[in-house]
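Listed below are the residues making up each chain.
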Amino acid sequence: MKRVLLIGSGGAGKSTLARKLSKQLNITVFHLDKLLWKPNWQMTPKPEQAIIVNNLVRQDSWIIDGNYNGTLDIRVAAADTIIFLDRSRFVCIYQVFKRLLQYRGTSRPDMQDNCPEKIDFDFLKWIWHFPNKQKVMIMNMFETIDQSKNIVILKNKKQIEQFLDQL
């Protein structure tokens, strides 16, 4: 495991798992939220996103957390391990509200500075529909990618802890 991609719904725990993996494997973690958002919640244009991600995946080792479908194909092609956090929508929404309280008025560590934690209806709607839309796309993608890639699907806290313990 030298090139690890972490994907899953908002609130699934991608950034938390990325930090733990980084510590255990001694591999640098890159949070796409931090790299692709600009201050004051301005999104980096798609052509720039591709440049940023292409530069990241050229490195010998990395952990990248984030979905961002516009560059997912680049990251999947370069990854040796893809971890999909397939958590319940209820867990994800709970964790998003918990995160809002924890970082109220500030930017979380895995987010760009000057992007104070917030929740809006569109984000909650995206999380709610993730199992029926994004998950379907991800599972279909898993059927078509190179079989040499290690695909790990973790559905709950216990599976995540067991995965970390086995490293």
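Just above sits the structure.
These lines cover the structure that appears in this document, whether it is placed above or below.

Parameters and conventions
Residues numbered from 1 in each chain as written. Predicted model: local features only at pLDDT ≥ 70, side-chain atom pairs only at ≥ 80, totals over all residues. Heavy atoms only, no water. Axes fitted to C-alpha atoms, helices over the stretch in contact; angles between N-to-C directions. Helix = DSSP H or I, 4+ residues; strand = E, 2+ residues; numbered from the N terminus. Parallel < 35°, antiparallel > 145°, perpendicular 65-115°, else oblique. Left-handed = near helix turned anticlockwise from the far one by under 90°. Contact = heavy atoms within 4.5 Å. Nonpolar A, V, L, I, M, F, W, Y, C, P; charged D, E, K, R; others polar. Phe/Tyr/Trp six-rings, centres within 6.5 Å; stacked < 30°, edge-to-face > 60°. Buried < 20%, exposed > 50% of the residue type's maximum accessible area, 1.4 Å probe, protein only.

A few words on the packing of helix H1 (residues 14–25) against helix H8 (residues 157–165). Relative to each other, H1 and H8 sit at 15°, their axes nearing to 11 Å. The angle between H1 and H8 falls in the class roughly parallel. Helix-helix and strand crossings are classified by hand; for H1 and H8 the assignment is right-handed. Note on element contacts: H8 touches H1 through Ile160, Phe163 and Leu164, opposite Leu17, Lys20, Leu21 and Gln24. Considered class by class, the residues forming the contact of H1 with H8 number five nonpolar, one polar and one charged.

Let's shift gears to the packing of aromatic side chains. In the structure shown here, the tally under the stated rule is six aromatic pairs. When the centroid spacing of 5.3 Å and the interplanar angle of 80° are considered together, the rings of Phe90 and Trp128 count as edge-to-face. Taken together, the residues Phe90 in helix H5 (residues 89–102) and Trp128 in helix H6 (residues 121–129) connect sequence positions 38 residues apart. Taking the relative accessible area as the measure of exposure, Phe90 reaches 57% and is therefore exposed.

Nothing here speaks to function; it is all geometry.
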